[in-house]
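Inside the fold
Below are the chains, spelled out letter by letter.
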Amino acid sequence: MERVVIVGAGTFGASLAWWLAGRGDEVVLVDQFEPGDRRATSGGETRLIRSAHGADPDYAGMARRARTLWKQLEGESGVELLQETGVSWFAHGEDGWEAESERTLKALDIPTERWSVEEASRRFTSFDGSDLAWVLHEPEAGVLRAQKSIRTLVAQAQARGAQLVQGRAIPEGEYAVVNGAALEGDRVVWSCGPWLRQLFPALVQLKVTLQELFFYDGGAGWRNAPAWVDYDRATYGTPDIDEGGVKIAWDHEGPPIEPDADLPPATEETETLARGYMAARFPGLAQAPLVGSRTCRYELTVDSHFIVAPHPEHPSVWLVGGGSGHGFKHGPALAERIAGAWSGKAELPAHFALGERAKGTSFRSAGSNF
Ligand SMILES: Cc1cc2nc3c(=O)[nH]c(=O)nc-3n(C[C@H](O)[C@H](O)[C@H](O)COP(=O)(O)OP(=O)(O)OC[C@H]3O[C@@H](n4cnc5c(N)ncnc54)[C@H](O)[C@@H]3O)c2cc1C
């Protein structure tokens, strides 16, 4: 049994706390906010969970494993976290992200369907696919209730014996200093989302950006539609989940923002762009009333690979982050991998390491703006 201090209760830290407490470790989970706070990257209403990651089998397999673990958490807690809406990927050509994803998922035995544009237009209440070649559908993908998932992870970690401490931590060598006390552990993990860069500026390169989301009243027909991604147009959305409205996210990279800056309101300019996309793709939504908007932060690595690595001077200290707009779904499966690496059962991929990185594939839902 190890004693592990985890600073940061977003999807990465809360999942790790849940997983380690489940295997009998003594876990202290620290966060400056209440779990699920909107200022954390894991806050807010919903996140997509899908296995398609282009030609990359590692993230595809990890997302699939995460789906199993989210369901395990649902069973353990009795809280409904995942809505299996399916996720439809709009393919603009025969080759590209969707075709690579289809090949990879088939090789991993992850269910996929290949829809013609006509078939897709039967699945949405209103759909114009005249610019599309075909649609890749993942029937077992869907939407996670984000804030509820974080609160459930933390509650179940506590039920397994983890201790939750509220306070802002400062790294001091191998310790985490919280509310004046130096916390020590066999391992100290800093899973601090957008704040990771300012805590370890010499080690972590992250671009922190401001992103915008819009919610529309689409009517009853949008309660059972699939979630969707237009990777080449850097836009994605969800059906109406829990009567919060049809979500559309303009996934182009937003302007820089500091982790501690107040989140400003969404802008009319981006709403016009989102509505323009909607009018072209889902004409029935062109005049749908806007019922809400939100902003949030991305913490982007240059190659969109996560960061999971020991501190070079303090091997018991681990840095975990760089979710890069696609980290939420992976939380529990990444936790399992980290725990496996610590017990020598598995190795973490080299691309999780600290250090210089070159630009790579975009694993978030934005192929055209990366
Ligand atoms: C709008 C939006 C849409 C997204 N869509 C998707 C999606 O569809 N699918 C998907 O898989 N991913 C998606 N993502 C990405 C995903 O949400 C993130 O990759 C993931 O939530 C990152 O989690 P994290 O635990 O690393 O960081 P965070 O959730 O930010 O958690 C870090 C925590 O650390 C705490 N903390 C920081 N510093 C300190 C300190 N010094 N002391 C104490 N506590 C501290 C913070 O308070 C915070 O709670 C999206 C992100 C956004 C913003």
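The structure contained in this document is the topic of the report that follows. As the structure is a prediction and not an experimental result, all values here were calculated from the model.

Thresholds applied
- Residues numbered from 1 in each chain as written.
- Predicted model: local features only at pLDDT ≥ 70, side-chain atom pairs only at ≥ 80, totals over all residues.
- Heavy atoms only, no water.
- Salt bridge = Lys/Arg side-chain N within 4 Å of Asp/Glu carboxyl O.
- Helix = DSSP H or I, 4+ residues; strand = E, 2+ residues; numbered from the N terminus.
- Buried < 20%, exposed > 50% of the residue type's maximum accessible area, 1.4 Å probe, protein only.
- Near = heavy atom within 4 Å.
- Polar contact = N/O pair within 3.5 Å; in protein donor to acceptor, adjacent residues only side chain to side chain.
- Areas by Shrake-Rupley, 256 points an atom, 1.4 Å probe, with all protein chains shown as cover.
- Pairing = 2+ DSSP bridges.
- Axes fitted to C-alpha atoms, helices over the stretch in contact; angles between N-to-C directions.
- Contact = heavy atoms within 4.5 Å.

Let us look at the pattern of salt bridges. In the structure shown here, the tally under the stated rule is 25 salt bridges. For R67, the salt bridge identified is with E140, shortest N-O distance 3.4 Å. Separated by 73 residues along the polypeptide, R67 in helix α2 (residues 57-77) and E140 in the loop between β7 (134-138) and β8 (142-145) bring together distant segments of the chain. With a closest N to O distance of 2.7 Å, R122 and E119 form a salt bridge. Here R122 pairs with E119, and both are found in helix α4 (residues 117-123), just three residues apart, close to one helical turn. Using a relative accessible area of 18% as the deciding quantity, one classes E119 as buried.

What surrounds the ligand is a group of 34 residues, the closest being D31, S42, L48, C296 and K329. Take S42: an N or O atom from its side chain is 2.5 Å from an oxygen atom of the ligand. One of the backbone N or O atoms of G327 is found 3.1 Å from an oxygen atom in the ligand. Taken by itself the ligand offers 1000 Å² of open surface, and the protein chains cover 98% of this.

Our focus in this paragraph is the pairing of strand β14 (residues 207-216). With nine of 10 residues buried, β14 is to be regarded as a mostly interior element. As paired elements, β14 and strand β18 (residues 290-300) share 10 bridges and run antiparallel to each other. In the strand pairing of β18, F214 is matched with S293. Taken together, the five bridges between β14 and strand β17 (residues 246-250) define a ladder with antiparallel strand orientation.

So, on to the sheet that holds strand β16 (residues 235-238). Taken together, the eight strands give an open sheet; going across it, the order is β6-β7-β5-β15-β16-β17-β14-β18, and neighbouring strands pair in mixed fashion. Strand pairing shows two members of the sheet lacking a second neighbour, β6 (113-115) and β18, which therefore form its edges. Averaged over all pairs of adjacent strands, the angle between strand axes in this sheet comes to 20°, irrespective of strand direction. Note that β6 and β7 share three bridges and pair antiparallel. Note that in β7 the partner of W115 across the bridge is V135. Helix-sheet contacts for helix α3 (residues 97-107) involve β5 (87-91), β6 and β7, and the interaxial angle to β7 is about 40°. Across the sheet, helix α7 (residues 268-281) lies against β5, β14, β15 (227-230), β16, β17 and β18, angled at about 55° from β14, the strand it touches most.

Let us look at the side chain of T41. Among the secondary structure elements, T41 is positioned in the loop between β2 (26-31) and β3 (46-49). Those residues in contact with T41, other than ones at most four positions away along the chain, are R47, P194, R297 and E299.

Peptide bonds are mostly trans, and most non-glycine residues show a negative phi. The phi angle at N179 is positive, at roughly 50°, despite the residue not being glycine. By secondary structure assignment, the location of N179 is in the loop between β11 (175-178) and β12 (181-183). Judged by its relative accessible area of 58%, N179 is exposed. Of note, the phi angle at E243 is positive, near 60°, even though the residue is not glycine. Here E243 is to be found in the loop between β16 and β17.

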